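Okay, here's what each chain looks like letter by letter:
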Amino acid sequence: MLRAKLSVVYAPMLAALASLLVACSSAPVDKTAGMSPNRLYAEAKDEMGSSQWDKAVPLLEKLEARAAGTPLAQQAQLDKAYAHFKAGEQAQSLATLERFIKLHPASPALDYAIYLKGIVNFNDDLGLLSAVTRQDLAERDQKAAKESFESFKELTSRFPDSKYTPDARQRMNYIVGSLAQSEVHVARYYYKRGAYLAAANRAQQCLTDYRDVPATEEALFILYKSYDALGMVQLRDDAKRILDKNYPQSEFLAGGGKANSNPWWKLW
């Protein structure tokens, strides 16, 4: 009788122990447990070299923890930010870079971290349909472009001799042109829909905020056409005079449009 009672008491405990043993036997084995930091970094680099970004990130995270306080840990952070970026994980990449910049303000790789932050926000990949739709970067959300510009601006001011600065300056010029074209895109939208005052205001905004960019020519043309539609003769003539002076061979005034296409103001 006593043996029977003991069996009843210990049966649940034995079942729980058996379940625990099964769970332990099926737990994943950390193959990197015995790796040195240098070996772990080599494994991560191999994964990155094969574009296996999702496999590289956890390796770099382990390296960052094991080599904490060393230059190798800093390198792991930067590589992890790059791997996130290449994997299309923009938010994770930016968070990693922000953390690096905050924790290592004196790092010799700080210029690269700031540059990479600008690169993550800089995106001129418009997709396969861009050639068909004639979409450009200016027609998209400009928030990231402005943040990218600020990162490149910080780099060029703080590290004028950095090897990344020349490329950053070129990208800044591209972004400025894109932002100006964005204003023109909105002005063009308003003009097409007969909102001539809104179109004039947006074109004027472009002319006020941006100088010496290709979008200036079309901004002046929209200003001229909008004032003409509004019957504001003096302002129309002023815009026309400035357009003639600065762009005497303007394709807009010639009525030929741009890029071998029909002029956008011809709706038929």
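Fair warning: this is a prediction, and the values are worked out from it, not measured in the lab. (Residues numbered from 1 in each chain as written. Predicted model: local features only at pLDDT ≥ 70, side-chain atom pairs only at ≥ 80, totals over all residues. Heavy atoms only, no water.)

*Asks:* Would you mind going over the side chain of His84 in detail, with residue names and values included?
*Replies:* Its place among the elements puts His84 in helix H4 (residues 71–86). When sequence neighbours within four positions are dropped, the list of residues in contact with His84 reads Val57, Glu89, Gln92, Ser93 and Thr96. (Helix = DSSP H or I, 4+ residues; strand = E, 2+ residues; numbered from the N terminus. Contact = heavy atoms within 4.5 Å.)

*Asks:* Describe the packing of helix H9 (residues 165–192) against helix H11 (residues 215–230), with residues and values.
*Replies:* In contact at an axis separation of 9 Å, H9 and H11 are set at 25° when each is read in the N-to-C sense. Classified by the angle between their axes, H9 and H11 sit roughly parallel to one another. The crossing of H9 and H11 is left-handed. Judged by residue contacts, Ala180, Gln181, Val184, Ala187, Arg188 and Tyr191 of H9 engage Ala215, Glu218, Ala219, Ile222, Lys225 and Ser226 from H11. (Axes fitted to C-alpha atoms, helices over the stretch in contact; angles between N-to-C directions. Parallel < 35°, antiparallel > 145°, perpendicular 65-115°, else oblique. Left-handed = near helix turned anticlockwise from the far one by under 90°.)

*Asks:* Quick one: what's the story with the nonpolar core, residue by residue and with numbers?
*Replies:* The biggest cluster of nonpolar side chains holds 45 residues, and the ones touching the most others in it are Leu97, Tyr115, Phe152, Ile175, Cys206 and Leu223. At the level of elements, H4, helix H5 (90–103), helix H6 (110–121), helix H8 (143–158), H9, helix H10 (196–209), H11 and helix H12 (233–246) are the ones that each hand at least two residues to this core. Setting aside chain neighbours within four positions, we find Cys206 in contact with Ala180, Glu183, Val184, Ala215 and Ala219. Membership of the second largest hydrophobic core comes to 16 residues, among which are Leu40, Leu59, Leu72 and Ala73. (Core = buried A, V, L, I, M, F, W, Y, C linked by side-chain atoms within 4.5 Å. Buried < 20%, exposed > 50% of the residue type's maximum accessible area, 1.4 Å probe, protein only.)

*Asks:* Mind laying out unusual backbone geometry, listing which residues take part and the relevant values?
*Replies:* Positioned with a positive phi, Ser51 is a non-glycine residue whose angle comes to about 60°. If you check the backbone angles, Asp212 has positive phi at about 55° while not being a glycine. Note that Asp212 resides in the loop between H10 and H11. Residue Asp212 is classed as exposed on the basis of its relative accessible area of 82%.

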